[in-house]
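Structure at a glance
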Amino acid sequence: MNAAFNGSAWKTYRRLLTFAKPYRGLLVLAALAALVEAAGSSLFLWLMKPITDETFVSKNMEFAAWLPAAIIAVFLVRGIAGYLTDMSMGRAARSVARDLRVRVLGKYLRLPGSRFDAEPVPSMLVRLGSDSDQVAQAAVDALKTMVQQSLQVIGALCIMLYISWQVTISVLVLAPPLAFVMNKVAKRYRRVSHRIQESGAQLLQAADQTLSNQQEVKVYGAQPEELRRYATLADNNLRLAMKVEATRGLSSALVQMMGAIGLAGLLLLAGHEAAAGRLTAGGFVSLMVSMIGIIPALKSLTSVQNVLQRGVASAERLFSVLDAPDEMDTGLRPLARARGMIEFRDVSARYPGQAKPALEHISFVARPGTVTAIVGRSGSGKSTLIKLIPRFYEPEGGQILVDGVPLQEYALADLRRQIALVGQQVMLFDGSVTANVAYGEMRSADPQALDKALRDAHAMEFIEQLPERKDTPIGVKGSRLSGGQRQRLALARAMLKDAPILILDEATAALDNESERLVQDALTQLMPDRTTLVIAHRLSTIEHADQVLVLDHGKLVEQGTHAELLARGGLYAQLHGAQFREAQ
Ligand code: ATP
Ligand code: MG
């Protein structure tokens, strides 16, 4: 087995075992129980000799009477020991899976934002789901099989040697070819198992995409297309699964064949030994039962290889997640409450793997108590610009300062505590209204402040209509609410945070004109002591801004107040003109 298990696989496996360390006690218990279990099995094999010789050959009825009782006693002890092994091993394995899952999710939350562009969420789900399970199986279940079955084999071999070492040693010449076959099978298995896991992730990804967009699929009549895509992937998966089955079936057939050859050899030799008076009928039965018992044990030992290979492949993927560098958080400067002065100095940004920068040479200052509106065509870089402030992405060049200090110098959590953000896509969670608004560090927020935030965001009106008011569950991702309602909850969350920097990315786009104006009024009341950055298309929001930044293809092309920019007759005037005509 060592040949199929190269150096790096061993390294991974050893690292995996460190995850089982906290469950050392359980593992020791399992090992002891496995010993008892193997001893029970061996005892039974050994009993076959007196059973045959006394009951059938010598017809010693007195002695034969206690044998059935002995068998029951042996199996009772063996059964209890087996149960203990399974339970303690199972407990340890599931615990390892649980620990890994929790660690990997924690890690994902510490990875930089760009990771989420590179690795789709369904593939992350596979890591958390089946990869964790398979790793646990490899770390512990495989260990269990190895210990249990090896003990079984060793026990049976000892019995065989005890009964007739001559026969046993002659049969053992079969071991090297057996090892050779097992090794070949393991190599093939490893090749296939890596691919089958990739294929599983692809299947999940395809299903996720189709099911999450079921409305679009139905409206555009894309069911056959989606099904075809899924079926192609499923076919691929089936093909790989069949390869696994074929490998497994072949290895099992080969091992059985070797067993039969062994048995035939045994029969030949045993006849010879019996003739020489060195082997009784009972001894022969005992030998044969031992050999038959060794075969399934060897079979499980070959399949352990597969579990190990699969587990190591999964572990390598999980470790690559755990080893990825966290988002940079080397800042030491504490920040209790910022004044909210934001300064961009010649900032450029580029998404990983993108040829064209998303932002180029952006410089501006946003002062506390002012509103900065950011406008520009779709894809001009508005959202990218604001994502740099909470450091979801790092700029490629230039520097961003808050209160005159570069962002990297602050502790990341402190920096983010200064920012309330309502993004273009509202993120809500499965939970009550209260849990969604008083979220994260605001969990223990004052109920009166919560009510005020809900009223200011004009969310109270619809919450009053909900069956359980603020305690109503809003469904996964807020699916039981309308788009505008979701947006109002997100606004309430931002208002409750009462942070010195408020960032709104199309945060009122889903509201009707009337509610938007009311929410704007509430925001204006909040504004005197904070810095607000707002991305909006609607003029009402922009007209009152202290400054407007106009982005085009990632460049800051115009900057000034609404009136100044209109008078200039540039891109802003053009965008404004288009909207004005629309409104007519
Ligand atoms: P909109 O008004 O449509 O929201 P925007 O001005 O907010 O547009 P951004 O989201 O900042 O535009 O995108 C700017 C550019 O960066 C676009 O060309 C877009 O294709 C690209 N981009 C945005 N997000 C990513 C990403 N995660 N990976 C790669 N490129 C991205
Ligand atoms: Mg955007």
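Residues numbered from 1 in each chain as written. Chains lettered and ligands numbered in written order. Predicted model: local features only at pLDDT ≥ 70, side-chain atom pairs only at ≥ 80, totals over all residues. Heavy atoms only, no water.

Let's talk about the overall build of the chain
Of the regular secondary structure elements, the chain holds 20 helices and 10 strands. Dimensions of the chain along its principal axes, counting C-alpha atoms only, are 115 × 55 × 50 Å. In the chain, which comprises 584 residues, the share counted as buried stands at 47%. Long-range pairs, those at least 24 residues apart, make up 77% of the contacts in the chain between residues at least 6 apart in sequence. Computed over 64 positive and 55 negative side-chain charges, the separation of the two mean positions in the chain equals 8 Å. (Helix = DSSP H or I, 4+ residues; strand = E, 2+ residues; numbered from the N terminus. Buried < 20%, exposed > 50% of the residue type's maximum accessible area, 1.4 Å probe, protein only. Contact = heavy atoms within 4.5 Å. Lys, Arg positive; Asp, Glu negative; His and termini not counted. Charge placed at Lys NZ, Arg CZ, Asp CG, Glu CD.)

Section: the packing of aromatic side chains
Going through the model one piece at a time under the given rule, you end up with five aromatic pairs. Centroid distance Phe344 to Phe364: 4.7 Å. Interplanar angle 20°. Geometry classified as stacked. Separated by 20 residues along the polypeptide, Phe344 in strand β1 (residues 342-349) and Phe364 in strand β2 (residues 359-366) bring together distant segments of the chain. (Phe/Tyr/Trp six-rings, centres within 6.5 Å; stacked < 30°, edge-to-face > 60°.)

Describing a nonpolar patch on the surface
On the surface, Leu29, Leu76, Ile80 and Leu84 cluster together into a nonpolar patch covering about 360 Å² of accessible area. Take the nonpolar patch: its biggest share by element is three residues, from helix α3 (residues 61-110). Tracing the backbone shows Ile80 in helix α3. (Patch = residues over 30% accessible without salt bridge, like charges linked within 9 Å, V, L, I, M, F, W, Y side chains within 5 Å. Areas by Shrake-Rupley, 256 points an atom, 1.4 Å probe, with all protein chains shown as cover. Salt bridge = Lys/Arg side-chain N within 4 Å of Asp/Glu carboxyl O.)

Notes on the pairing of β1
If a strand is regular, its side chains alternate between the two faces of the sheet. Pairing analysis gives five bridges linking β1 to β2, with the strands arranged antiparallel. Opposite Ala349, over in β2, you have Leu359 as the bridge partner. (Pairing = 2+ DSSP bridges.)

Focus: the domain arrangement of the chain
Here the domain parsing of the chain yields domain 1 (2-322) and domain 2 (333-418 + 502-510 + 534-584). Inter-centroid distance (C-alpha atoms) of domain 1 to domain 2 is 58 Å. Each partner contributes to the interface: domain 1 provides four residues, whereas domain 2 provides four residues. Between domain 1 and domain 2, the buried area comes to about 230 Å², and carbon and sulfur atoms account for 51% of it. The largest contributions to the domain 1 side of the interface with domain 2 come from Gly113, Ser114 and Asp117, which together make up 98% of the buried area. On the surface where domain 1 and domain 2 come into contact, there are zero residue pairs in polar contact (both at pLDDT 80 or more). Here the residues of the side of domain 1 that touches domain 2 are counted per class, giving one nonpolar, two polar and one charged. (Domains from an automatic or database assignment. Buried area = accessible area lost by both parts, 1.4 Å probe. Polar contact = N/O pair within 3.5 Å; in protein donor to acceptor, adjacent residues only side chain to side chain. Nonpolar A, V, L, I, M, F, W, Y, C, P; charged D, E, K, R; others polar.)

Some words on the packing of helix α2 (residues 24-57) against helix α5 (residues 121-163)
As a packed pair, α2 and α5 sit with axes 9 Å apart at the nearest point and diverge in direction by 30°. One way to sum up the angle between α2 and α5 is to call them roughly parallel. Considering the relative orientation of α2 and α5, their crossing is right-handed. In contact with Leu27, Ala34, Leu35, Glu37, Ala38, Ser41, Ser42, Leu45, Trp46 and Lys49 of α2, α5 contributes Val140, Val147, Gln148, Leu151, Gln152, Gly155, Ala156, Ile159, Tyr162 and Ile163. For the contact of α2 with α5, the class distribution of residues is 13 nonpolar, five polar and two charged. (Axes fitted to C-alpha atoms, helices over the stretch in contact; angles between N-to-C directions. Parallel < 35°, antiparallel > 145°, perpendicular 65-115°, else oblique. Left-handed = near helix turned anticlockwise from the far one by under 90°.)

Some details on the pattern of salt bridges
When charged atoms on two side chains of opposite charge get close, those side chains can pair. According to the stated counting rule, one finds 21 salt bridges in the structure shown. As a salt-bridge pair, Arg127 and Asp131 come within 2.9 Å of each other at their nearest N and O atoms. Here Arg127 pairs with Asp131, and both are found in helix α5, just four residues apart, close to one helical turn. Here Glu396 and Arg350 are joined by a salt bridge, their closest N and O atoms 2.5 Å apart.

Some thoughts on the UniProt feature "domain: ABC transmembrane type-1" (unreviewed entry) in the chain
Following the UniProt record, one finds the feature "domain: ABC transmembrane type-1" (unreviewed entry) at residues 28-310. Note that residues 28-310 is 92% helix and 0% strand, and that its end C-alpha atoms are spaced 25 Å apart. (UniProt positions renumbered as here; feature names shortened; annotations may be inferred.)

A short note on the environment of Leu287
Summarising the element assignment, Leu287 is placed in helix α10 (residues 281-323). Using a relative accessible area of 0% as the deciding quantity, one classes Leu287 as buried. Put simply, Leu287 and Leu211 are 76 residues apart on the chain and 59 Å apart in space, counted from C-alpha to C-alpha.

Some words on the packing of helix α9 (residues 223-275) against α10
Packing of α9 against α10 leaves a shortest axis separation of 10 Å and a crossing angle of 165°. Classified by the angle between their axes, α9 and α10 sit roughly antiparallel to one another. The two elements α9 and α10 cross, and the hand of that crossing is right-handed. In this structure, α9 contributes Ser252, Val255, Gln256, Gly259, Gly262, Leu263, Leu266, Leu267 and Ala270 to the contact, and α10 contributes Phe284, Leu287, Met288, Met291, Ile292, Ile295 and Lys299. Taken together, the residues of the contact of α9 with α10 sort by class into 11 nonpolar, four polar and one charged.

Remarks on the nonpolar core
In this structure, Leu454, Leu489 and Val548 are the most contacted members of the largest nonpolar core, which totals 45 residues. Ranked by residue count, the leading element in this core is helix α16 (residues 483-497), at seven residues. Look past the residues within four positions of Leu454 in its chain and what remains in contact with it is Val433, Val437, Ala459, Met460, Ile463, Lys470, Leu489 and Ala492. The next biggest cluster of nonpolar side chains, apart from the first, holds 35 residues, and it includes Ala139, Ala315, Val321 and Ala324. (Core = buried A, V, L, I, M, F, W, Y, C linked by side-chain atoms within 4.5 Å.)

Quick look at the site of ligand 1
Lining the immediate surroundings of ligand 1 are 14 residues, of which Ser378, Gly379, Ser383, Thr384 and Gln424 lie closest. Between Gly379 and ligand 1, the recorded distance is 2.8 Å, taken from a backbone N or O atom to an oxygen atom. Ranked by residues supplied to the shell around ligand 1, first place goes to helix α11 (residues 382-387) with three residues. (Near = heavy atom within 4 Å.)

Brief notes about a positive patch on the surface
A surface patch of positive charge is lined by Lys184, Lys187, Arg188, Arg191, Arg195 and Arg239. Note that Arg239 resides in helix α9. By relative accessible area, Arg239 is classed as partly exposed at 45%.

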